[in-house]
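As a plain string of letters, each chain reads:
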Amino acid sequence: MFKVAGGTVGGTLAAGVHESPWSAAGPQAASRLPAWVKSVLTVCCSRKDEERKICALKKYSERLPTVSVVIPFFEEHWTTLLRTVVSVMHRSPPEILRQIILVDDGSTMKDFLQSPLETWLKRYVPKAMVVRLPYRRGLIVARQEGAKKAKGDVIVVLDSHCEVMTNWLPPLLDPILKNHRTVVCPLIDVINQATFAYAPQDHGGRGAFDWRFFYKRLNLRPHEQANLPEPFP
Ligand SMILES: [Mn+2]
């Protein structure tokens with residue numbers, strides 16, 4: 001457990017953490033950094049490693065392509081945004097992670113998303129940069145603007161309120177190394193939006209669109225189930 005700004009942080013976020021560290025602002029803001037940085041790290045690393053045991057047995061190529069991670073955000077909460085960035089930083093092999101590109105899709109309402117965010121990143125996540133769009137362009141344009149800055153071999157797009165797992169990159173990159181035309185998607189587990197509790201997404205792993213273009217999850221077919229952890233179409 002970690003005490004932060006009147007709240008206590010264990011495996012979940014406590015009330016006090018929902019305040020921006022910058023709302024107190026002023027010259028004292030910098031001295032508050034360690035406490036809230038720790039709160040982010042605690043949130044990031046507190047839950048049990050849910051990596052499926054079967055995946056630990058799989059071997060991946062030693063020489064994987066480098067990666068630029070593109071993270072568009074719009075008025076994102078500071079804790080969830082930093083949780084995303086910090087987990088990427090900690091759980092990506094440093095030789096593979098080329099850069100993290102945050103794309104601000106025209107946020108105006110939260111002070112910490114402006115220069116304080118860049119100050120924090122410069123200090124703690126030097127691989128990260130912020131691209132600012134002058135006004136809100138929408139998710140797809142924001143992704144494209146981030147992609148324009150990418151220098152890595154592979155572009156990975158993430159939401160601004162997620163957390164990557166231990167060994168998240170090699171299983172995504174290995175199929176691309178084998179065939180560069182491959183587009184991959186991970187099995188995405190669930191973080192409860194009210195409690196931040198973590199729940200594995202154990203079934204229904206196939207993504208599909210119905211005739212109205214609504215996204216659906218479908219169960220794995222028997223031969224795919226039998227072949228795990230190999231990727232499935
Ligand atoms: Mn989302």
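Residues numbered from 1 in each chain as written. Predicted model: local features only at pLDDT ≥ 70, side-chain atom pairs only at ≥ 80, totals over all residues.

Per an unreviewed UniProt entry, the protein carries the name Putative polypeptide N-acetylgalactosaminyltransferase 10 and comes from Portunus trituberculatus.

S.K.: If you had to explain the overall build of the protein to someone new, which residues and values would you point to?
M.R.: Of the regular secondary structure elements, the protein holds seven helices and 10 strands. Expressed as a percentage of the 233 residues in the protein, the buried residues total 23%. Within the protein, counting contacts between residues at least 6 apart in sequence, those at least 24 apart form 70% of the total. (Helix = DSSP H or I, 4+ residues; strand = E, 2+ residues; numbered from the N terminus. Buried ≥ 20, exposed ≤ 12 C-beta atoms within 10 Å, placed from the backbone. Contact = placed C-beta atoms within 7 Å.)

S.K.: Provide a residue-level description of the sheet that holds strand β4 (residues 97-104), including the pertinent values.
M.R.: Strands sit in the order β5-β4-β3-β6 across an open sheet of four strands; the sheet is parallel. With one partner strand each, in any of the chains shown, β5 (128-132) and β6 (154-157) form the two edges of the open sheet. Averaged over all pairs of adjacent strands, the angle between their axes in this sheet comes to 25 degrees, without regard to strand direction. Relative to β6, strand β3 (residues 67-73) is paired through four bridges, and the arrangement is parallel. Residue Val70 lies in a different strand from β6, and its bridge partner there is Val157. (Pairing = 2+ DSSP bridges. Axes fitted to C-alpha atoms, helices over the stretch in contact; angles between N-to-C directions.)

S.K.: Give a description of helix α3 (residues 78-91) that names residues and reports values.
M.R.: Since there are 3.6 residues in each turn of an α-helix, residues three or four apart along the chain are aligned in direction. Taking 1.5 Å per residue as the helical rise, α3 with its 14 residues ought to reach 20 Å, and the 20 Å between its terminal C-alpha atoms agrees with that figure. Most of α3 sits inside the fold, with 12 of its 14 residues counted as buried. All of the buried residues along α3 are Trp78, Thr79, Thr80, Leu81, Leu82, Arg83, Thr84, Val85, Val86, Ser87, Val88 and Met89. (Expected span 1.5 Å × (residues − 1).)

S.K.: Go over unusual backbone geometry, please, and point to the residues and values.
M.R.: In this chain, Leu228 is followed by Pro229 through a cis amide linkage whose omega measures 10 degrees. Positive phi, normally seen in glycine, also occurs at Asn167, with a value near 60 degrees. In this structure, Asn167 sits in the loop between β6 and α6 (169-178). Judged by the 16 C-beta atoms lying within 10 Å of it, Asn167 is partly exposed. Notably, Phe213 is not glycine yet its phi reads approximately 65 degrees, a positive angle. Within the secondary structure layout, Phe213 lies in the loop between β9 (206-209) and β10 (215-218). By the C-beta count within 10 Å, which is 6 here, Phe213 ends up exposed.

S.K.: Could you give me a rundown of the pairing of β4, with the residues and numbers involved?
M.R.: Relative to β4, β3 is paired through seven bridges, and the arrangement is parallel. By the bridge assignment, Phe73 is partnered in β4 with Asp104. Handedness of the crossover is the feature at issue here: the chain leaves β3, passes through α3, returns alongside β4, and the resulting connection is right-handed. Here β4 runs beside β5; their pairing, made up of five bridges, is parallel. If you follow Leu102 over to β5, its bridge partner there is Val130. In terms of handedness, the path from β4 via helix α4 (residues 115-124) over to β5 forms a crossover that is right-handed. (Right-handed = clockwise from strand over helix to strand, strands pointing away.)

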